[in-house]
Every structure is written in structure tokens, then in C-alpha cells.
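Spelled out, the chains give:
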Amino acid sequence: MSSLEERVDVGVGAAAGSSSAGVGVGAVGGALEAVAGGPVLAGMQEEAGLRREGSGPESDPDAPPKKRVRLPEGESGKLEERLYSVLCCTVCLDLPKASVYQCTNGHLMCAGCFIHLLADSRLKEEQATCPNCRCEISKSLCCRNLAVEKAVSELPCDCGFCMKQFPRSSLERHQKEECQDRVTQCKYKRIGCPWQGPFHELTAHEAECSHPTKTGNELMGILDEMDQSHRKEMQLYNSIFSLLCFEKIGFTEVQFRPYRTDDFITRLYYETPRFTVLNQTWVLKARVNDSERNPNLSCKRTLSFQLILKSKVNSALECSFLLLKGPYDDVKIKPVIYHHVFSNDTNETDYVPLPIIDSVECNKLLAAKNINLRLFIFQIQK
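Structural notes, computed from the coordinates. (Residues numbered from 1 in each chain as written. Predicted model: local features only at pLDDT ≥ 70, side-chain atom pairs only at ≥ 80, totals over all residues. Heavy atoms only, no water.)

On to the overall build of the protein. Looking only at helices and strands, the protein features 10 helices and 16 strands. Looking at the 382 residues of the protein, the share that counts as buried comes to 33%. Once local pairs closer than 6 in sequence are excluded, the contacts in the protein between residues at least 24 apart make up 51%. Of the roughly 24500 Å² of accessible surface on the protein, a fraction of 52% belongs to carbon and sulfur atoms. (Helix = DSSP H or I, 4+ residues; strand = E, 2+ residues; numbered from the N terminus. Buried < 20%, exposed > 50% of the residue type's maximum accessible area, 1.4 Å probe, protein only. Contact = heavy atoms within 4.5 Å. Areas by Shrake-Rupley, 256 points an atom, 1.4 Å probe, with all protein chains shown as cover.)

Okay, empty space enclosed by the protein next. The final tally for this structure, using the stated rule, is two cavities of 30 Å³ or more. By volume, the largest cavity is sized at about 50 Å³. What lines the largest cavity is simply Phe 256, Ala 286, Leu 303, Ser 304, Phe 305, Leu 323, Leu 354, Ile 371 and Leu 373. Those elements that provide at least two residues to the lining of the largest cavity are β12 (303–309) and β16 (371–379). (1 Å grid on protein atoms, 1.4 Å probe; cavity = no way out; pocket = protein on both sides within 12 Å on 5 of 7 lines; lining within 4 Å. Points joined across faces, edges and corners; volume = space filled by probe spheres on them.)

In the structure shown here, the tally under the stated rule is eight aromatic pairs. Considering the side-chain rings of Trp 282 and Phe 342, the 5.1 Å spacing of their centres and the 80° angle between planes classify their relative orientation as edge-to-face. With Trp 282 in strand β11 (residues 280–288) and Phe 342 in strand β14 (residues 338–342), this residue pair connects regions lying 60 residues apart in the sequence. Accessibility expressed as a relative area gives 0% for Phe 342, which makes it buried. Chaining the aromatic ring pairs together yields one cluster made of Phe 251, Phe 376 and Phe 378. One Lys or Arg, Arg 182, reaches over the ring of Phe 199 and ends 4.0 Å from the middle of that ring. Taking the ring centre of Tyr 351 as reference, the NZ or CZ of Arg 287 above it sits at 3.8 Å. (Phe/Tyr/Trp six-rings, centres within 6.5 Å; stacked < 30°, edge-to-face > 60°. Lys NZ or Arg CZ within 6 Å of the ring centre and 35° of its normal.)

Let us look at the sheet that holds strand β3 (residues 143–144). Across the sheet, which stays open at both edges, the three strands sit in the order β2-β1-β3 with antiparallel pairing between neighbours. Looking at the sheet topology across the chains shown, the edges are occupied by β2 (108–110) and β3. Direction of pairing for strand β1 (residues 100–102) relative to β2: antiparallel, over a ladder of three bridges. Opposite Tyr 101, over in β2, you have Met 109 as the bridge partner. Packed onto the sheet, helix α5 (residues 111–124) meets β1 and β2 and runs at close to 95° relative to β2. (Pairing = 2+ DSSP bridges. Axes fitted to C-alpha atoms, helices over the stretch in contact; angles between N-to-C directions.)

The subject of this paragraph is α5. For an α-helix, the turn length of 3.6 residues means that residues three or four places apart are oriented alike. Along its 14 residues, α5 runs 20 Å from first to last C-alpha, staying within 8% of the 20 Å computed at 1.5 Å per residue. Every buried residue of α5 is listed here: Cys 113, Phe 114, Ile 115, Leu 118, Ala 119, Asp 120, Ser 121 and Leu 123. On its buried side, α5 packs onto β1, β2, β8 (248–260), β9 (268–271), β11 and α10 (359–367). Following α5 by one or two positions, Glu 125 has its phi on the positive side, about 55°. (Expected span 1.5 Å × (residues − 1).)

With that settled, consider a nonpolar patch on the surface. A grouping of Tyr 237, Phe 241, Leu 244 and Ile 249 is seen on the molecular surface, where their side chains present a nonpolar patch of about 400 Å² in accessible area. Note that Ile 249 resides in strand β8. (Patch = residues over 30% accessible without salt bridge, like charges linked within 9 Å, V, L, I, M, F, W, Y side chains within 5 Å. Salt bridge = Lys/Arg side-chain N within 4 Å of Asp/Glu carboxyl O.)

This next bit is on unusual backbone geometry. Residues other than glycine seldom take positive phi values, yet Leu 93 does so here, at roughly 60°. Position of Leu 93 relative to the elements: it lies in the loop between α4 (79–87) and β1. With a phi close to 65°, Asn 279 is a non-glycine residue in the positive phi region. Along the polypeptide, Asn 279 turns up in the loop between β10 (275–277) and β11.

Okay, the pairing of β14 next. Every second residue of β14 is oriented toward a common face, the buried set being Tyr 338, His 340 and Phe 342 and the non-buried set His 339 and Val 341. Taken together, the five bridges between strand β13 (residues 317–325) and β14 define a ladder with antiparallel strand orientation. Bridging across to β14, Ser 320 finds its partner in His 339.

With that settled, consider the state of the cysteines. All told, the structure shown has zero disulfides when counted by the stated rule. For the unlinked cysteine Cys 179, the closest cysteine sulfur is that of Cys 162, found at 3.8 Å. When its relative accessible area of 2% is taken as the criterion, Cys 179 is described as buried. (Disulfide = S-S within 2.5 Å.)

With that out of the way, let us pick up the pattern of salt bridges. What the rule picks out here adds up to seven salt bridges. Ionic pairing is found between Arg 301 and Asp 120, a salt bridge with its closest N-O pair at 2.5 Å. Of this pair, Arg 301 sits in the loop between β11 and β12 while Asp 120 sits in helix α5, placing them 181 residues apart in sequence. A relative accessible area of 15% means that Asp 120 is categorised as buried. Arg 287 serves as the salt-bridge partner of Asp 290, at 3.6 Å between the closest nitrogen and oxygen. A relative accessible area of 49% places Asp 290 in the partly exposed class. When its relative accessible area of 22% is taken as the criterion, Arg 287 is described as partly exposed.

Structure representation (C-alpha cells):
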């Protein structure tokens, strides 16, 4: 019955637009009369009219749900607003800022949400699924949608400073270089000026700034604080250069694979196969959020690791080591040097943090099937 009603509606709509469509209505009416008699057509048309006029469930509680009624022009909102709802991420409901991924059914996900879903599935030992249609998603099953990325880059967006609209593709340049209301700092910041304000007020402030007129004694305290932070960075790089002068240096690519403990409450951990560096056999282990029970429920995620010596040694082995990103990964890891004296009794280091910049970078590692990093070991000669 529903298909016949749709045909009648189409015929009636077409009749309003042209006289030739009236032939179609007559044909449909004749066919219906031939099948079920004239009263059937009249009854169906009357029922269809009642459904169109009724606006609430009280008109016909047993009727199927109605399709969304198209709003007249002028009531449907701007084109940009309609495109926003079409092109937004199905997870965060925001327009993607970079890469856009789609599942096999075409539902869109921004890069951050896509990686987060894959990381969650690893932590819960489940297959990642699209939040919209529940089809399986992975890096091999999903692909980028370049057309959506380009369309989003052309949509207008409000500048956060001057509140004017610009295409998203040029918004970043506007906010950094062109906007007169963008937040800027005084050029005398290096000698302690704390001023921050809109760019159009910068010239007037710098003309009146009191810091250039301060005495040397007043500036010494400010410069000492800046020197301390700079000194820490130089210390790190000097330590790395000193380690590169050692006689025995080894490095290798390591691959962490996910495993589950056999405890009553299983926990996720990572472990590498055995590898050989400096003629010794080693293993690396890693854990998420220090073996937290449900790391998938936490927004902040960290990784920590330990280095284990599997070989038997005749004397203590003093080593420095550090983990860096692999040659084909884009995760951001800050170099941190760790130190340990290995022996047959102390063959394991404590768990030390993998110096990842933030949780987003951690999710990049967790979303991958395996974590690939590069390990350096420096043996200190006595």
C-alpha cells in the first residue's frame, strides 16, 4: 500500500505542474480502479491527505514515521551551515582541521578521532568500529577523503581575534601574520616585559615600555632565569655528543607487540622480541599509564618502558640508553638519556617514562598494530 500511495503523491504533484501529467494520474487511477475499484483510490488519496495535514502523533498513532519535511527557501539556513552538518566528524561533530578518514560506508572521521578510536580498540582488545554504522575500521580498511578535505578548507570560519570570516585554508596565515587584533608580545620580552595585547597596540606600547630603561642590576635576575632553562637544553645535547665519543655504541630498531597478562584482571603490556646489541641479548617492555586497570577510560595516556638484560655477564655492565622514534614514524619524542648498571642481580631497569610530548602522540603509537622505535645503548668504559 505504501508504494501505491507514493505513486499517487508523485502523480498529483506532477499534475500541478503540467497538463500532460494529468494523463499519468488518470492512468494510475484507472489501474487502481481495475485492481480494487474506484473507492480504493479515493480512500487512499484521502488518507494520504490526512497524513500530510496531521502534524502530531494524535492524527494517526499507527502511521509509519514521516520523512523530514523540506523547509521552504529562506528557512533552511545558510549553505555553509548545512554543509557543516554534512562534512563534520561523526565522533566530535566538529569540522576536521587536517586529514579526513572515511569508513567503508562513507562516514567521516577527523584524524584525531580516528586515531583515538584505533587506540581505544587496542586497549580494550576489541575490533575498532565506526561509531555510526558499526562496520570495522582500521588503517587498511579506511582511506582519506581528499574531496571533503578540500571542501572543508574552503568553508568560512571566524577568526578568533577579529571575528571576521575567512576560508579555512587562509585562516591560519591571517591569524599569524595579518590580523590586527591577534595577540602579540612586546619585543622586550627577552628582558622581562610581560605585556601581551592586540597587534594594533604593539607600537604604542613599545614606545612607552619601561624595560629598555632598566639598569643592568635589574635585568640580571631576569637573564639568570633565562640562562638556567637554556643551560638545561645545552646539557642534554652535550651529553649526547659525549656519548657519541664512546668506544662501544650500539643501536637497533625495536618493535613492541601488545600482550595481555594472565592475571584475574588482565592488563595490557608491550614487549619486544629478544635482540642483540653490544654482543648482549636484551628485551624491552612497556606499559600504558603504569598498568592502570582501564586506561581506555582515561583521556591522558602515557607510556613507560624498561630495559632488561637477558645475557649472563661476568662483570657489571654500565650503560646509558635512550629511545627515539623510528625512521618511518612521525611521533614526537623528546630525547632523554637514562643510566643503569647491569649485573646478574640487577638485570632490569626501573620503568621510566617514554618522553612523548602529549596524549595525542601517545595515541598515535597505541593505534598502530606494533610500536616501532629506535634504541641506542652506550657502554661506559671504566
